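The primary structure of each chain is shown beneath.
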Amino acid sequence: MSVGSNSAASRDIAYHLHPYTNARKNEAEGSVIIDRGEGVYVIDNQGKRYLEAMAGLWCAGLGFSEERLVKAASDQLAKLPYYHSFAQKTASPAVDLAEKLVEMTPAQLTKVFFANSGSEANDTAVKVVWYYNNALGRPERKKVISRVKGYHGVTIAAASLTAMPYVQADFDLPIQNIIHTGAPHHYRFAKEGESEEAFTDRLAQELEDLILAEGPETVAAFIGEPLQGAGGVIVPPESYWPKIQAVLKEYDILLIADEVICGFGRTGRLFGSETFGLQPDMMTVAKQLSSAYVPISALLVSDPIYQAIADNSEKLGSFGHGYTYGAHPVSAAVALETLKIYEERNIVERVQALAPQLQQGLRRFQDSPIVGEVRGIGLIAAAELVADKAGKTPFEPVGKVGSYFTASAQAHGVIFRNLGDTIAVCPPMIITEAEIDILLEGFAAALAETEAWVAEQGLDAVA
Ligand SMILES: Cc1ncc(COP(=O)(O)O)c(C=O)c1O
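Predicted model only: the values in this text are computed from it and were never measured.

**Student:** How would you sum up the nonpolar core? Please name residues and give values.
**Tutor:** Judged by nonpolar contacts, the single largest core of 66 residues is most densely connected at Leu101, Phe114, Phe416 and Phe443. The greatest single-element share of this core, amounting to 8 residues, is contributed by helix H17 (residues 433-457). Formed by 38 residues, the second largest nonpolar core is a distinct cluster that contains Val219, Ile244, Leu248 and Ile253.

Here you go:
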């Protein structure tokens, strides 16, 4: 990048506070400034091309240059650029999209509330859980259980659900009524010699113990990503969700599926809930809903929840929740076109067809001395880098090796994301076989350089 005095990079440093960025490091080094998109590639303002192996932030399912989405947005802008859904009004695309989402999602979900981001959808889910229980006359039922390694966003309730310490530190979070239970990551959290079956039995037991310790009458809901994304692409053992849901059922606790990453084909089924057998009472969606071309998210709820909200809104005079840009006609029009394209191009089947090439291709790196585990399903995967394979010992400090890897891959023209020392892979779902090969070559080059650097630095425990 160029950090000349009036360059875009230096003006960025001067004026822009970046999310999820070390601000001092950014002042010293500047940011890559992306100018254009072409299929699965993005091009920076120096003309360098990168294969975007993370679809941005797990979101640009159709890549970065889908003309039909541009047209859907501009047609809608020309026709009706804005309207809201407050006070018995709405715009036509919002109606069509709500109907479409109810058709696509599990049958028990019957109503859609629109928001603008995954965080807002999850904050709305928490507020709805509280509102629902107040409406039913059980104000003591307010606690929401989330999981270690869960990521649900950064607004106040969502950041409280998110278990990563970096999301809560010095923000005076979490808020009350949010509690956490274990993550279904066998590689990291199973006891020595514990089978997957015994591991999931233990997680279900831990959940039940937590509910009993808190008082079942105080626990309202459980939120989970079908597959945990930002926590490290954690694919749960097959027996995990059935056992967790049996516990939730026993204590009449609502299940909220956060499909913000998993939704719309990513795991090889339309929703992660199908892949892993969840029967949620509520579901949040965002990201690939519009291929991220415009901000839009949604919360879907079951009929009993809707009925309680409806009664209470009548009692109070209104459901006192809503966003100026919720159900935005331009966002809804782009989302509708996105869903149409997913169907026309059989995107779910496409993900299934491409998954073996990506998953097996990455598993080849399992032999590296610094790769502890390669995991994933569909077109989402990760490789966890470790200092010592036998002991599964993480590198110290966490993230240094992962950052080296992603910087190296970036120099080779492939953008991955390191979650600590776990390298995440989540390319646009339109990626081709040839482009997956390029992605894997970039991974191989970065891994070779990282192995050499780790040995040189003496960071590996076995060196
Ligand atoms: C599973 C999940 N839920 C919620 C969010 C938050 O979404 P947003 O960044 O749009 O607020 C994310 C973001 O990565 C996510 O991965």
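**Student:** Before we move on, can you summarise the site of the ligand with the specific residues and values?
**Tutor:** Taken together, Ser117, Gly118, Ser119, Asn122, Tyr151, His152, Gly153, Glu225, Asp258, Val260, Ile261 and Lys287 make up the full set of residues adjacent to the ligand. A distance of 2.5 Å is found between an oxygen atom of the ligand and a side-chain nitrogen or oxygen belonging to serine 119. Burial of the ligand by the surrounding chains reaches 82%, relative to a free accessible area of 390 Å². Residue contributions to the shell around the ligand peak at 3 residues, all from helix H6 (residues 118-135). Grouping the constituent residues of the shell around the ligand by class yields 3 nonpolar, 6 polar and 3 charged.

**Student:** Please set out the sheet that holds strand S13 (residues 414-415) residue by residue, giving values where relevant.
**Tutor:** Sheet architecture is open: 4 strands sit in the order S1-S2-S3-S13, paired in mixed fashion. For this open sheet the edge positions go to strand S1 (34-38) and S13, each flanked by a neighbour on one side alone. As defined by bridge partners, strand S3 (residues 49-52) adjoins S13 across 2 bridges and the pair is classed as parallel. Across the sheet, glutamate 52 pairs through a bridge with isoleucine 415, a residue of S13.

**Student:** Go over the sheet that holds strand S6 (residues 178-181), please, and point to the residues and values.
**Tutor:** Spatially, 7 strands are ordered S4-S10-S9-S8-S7-S5-S6 in an open sheet, and the strand pairing comes out mixed. A strand with exactly one partner marks an edge of an open sheet, and here the two such strands are strand S4 (109-115) and S6. On average, each strand axis in the sheet is inclined to that of its neighbour by 25 degrees, with strand direction left out of account. Its contacts with the sheet put H6 on S4, strand S5 (143-147), strand S7 (219-224), strand S8 (254-258), strand S9 (282-285) and strand S10 (297-302), and the angle it makes with S10 is roughly 25 degrees. Where helix H10 (residues 196-214) meets the sheet, it contacts S5, S6 and S7, and its direction lies at approximately 150 degrees from that of S6.

**Student:** Residue-level account of the pairing of S3, with values.
**Tutor:** Where strand S2 (residues 41-44) and S3 come together, 3 bridges link them in antiparallel fashion. Paired with tyrosine 41 across the bridge in S3 is leucine 51. Taking the residues that link successive antiparallel strands as the turn, the S2-S3 hairpin has 4 residues, and the phi of glycine 47 there is positive, at about 90 degrees.

**Student:** Tell me what's going on with the confidence of the model for the protein, and back it up with residues and numbers.
**Tutor:** This prediction gives the protein a mean pLDDT of 97; 98% of its residues lie at or above 70. Mean pLDDT across the elements of the protein ranges from a minimum in helix H8 (residues 165-168), with 93, to a maximum in S8, with 99.

**Student:** Describe the packing of aromatic side chains, listing the residues and the values that go with them.
**Tutor:** On inspection of all chains with the given rule, the structure shows 15 aromatic pairs. Ring centres 6.5 Å apart and planes at 80 degrees place the aromatic pair tyrosine 82 and tyrosine 325 in the edge-to-face group. Placement of tyrosine 82 in the loop between helix H4 (67-79) and helix H5 (92-104) and of tyrosine 325 in the loop between helix H13 (303-316) and helix H14 (329-344) is noted, with a sequence separation of 243 residues between them. In this structure an aromatic cluster arises from ring pairing among Phe113, Tyr131, Phe319 and Tyr323. Just above the ring of tyrosine 306 sits the side chain of lysine 111; from NZ or CZ to the centre is 4.1 Å.

Rules and cut-offs
Residues numbered from 1 in each chain as written. Predicted model: local features only at pLDDT ≥ 70, side-chain atom pairs only at ≥ 80, totals over all residues. Heavy atoms only, no water. Core = buried A, V, L, I, M, F, W, Y, C linked by side-chain atoms within 4.5 Å. Buried < 20%, exposed > 50% of the residue type's maximum accessible area, 1.4 Å probe, protein only. Helix = DSSP H or I, 4+ residues; strand = E, 2+ residues; numbered from the N terminus. Near = heavy atom within 4 Å. Polar contact = N/O pair within 3.5 Å; in protein donor to acceptor, adjacent residues only side chain to side chain. Areas by Shrake-Rupley, 256 points an atom, 1.4 Å probe, with all protein chains shown as cover. Nonpolar A, V, L, I, M, F, W, Y, C, P; charged D, E, K, R; others polar. Pairing = 2+ DSSP bridges. Axes fitted to C-alpha atoms, helices over the stretch in contact; angles between N-to-C directions. Contact = heavy atoms within 4.5 Å. pLDDT = per-residue confidence, 0-100. Phe/Tyr/Trp six-rings, centres within 6.5 Å; stacked < 30°, edge-to-face > 60°. Lys NZ or Arg CZ within 6 Å of the ring centre and 35° of its normal.

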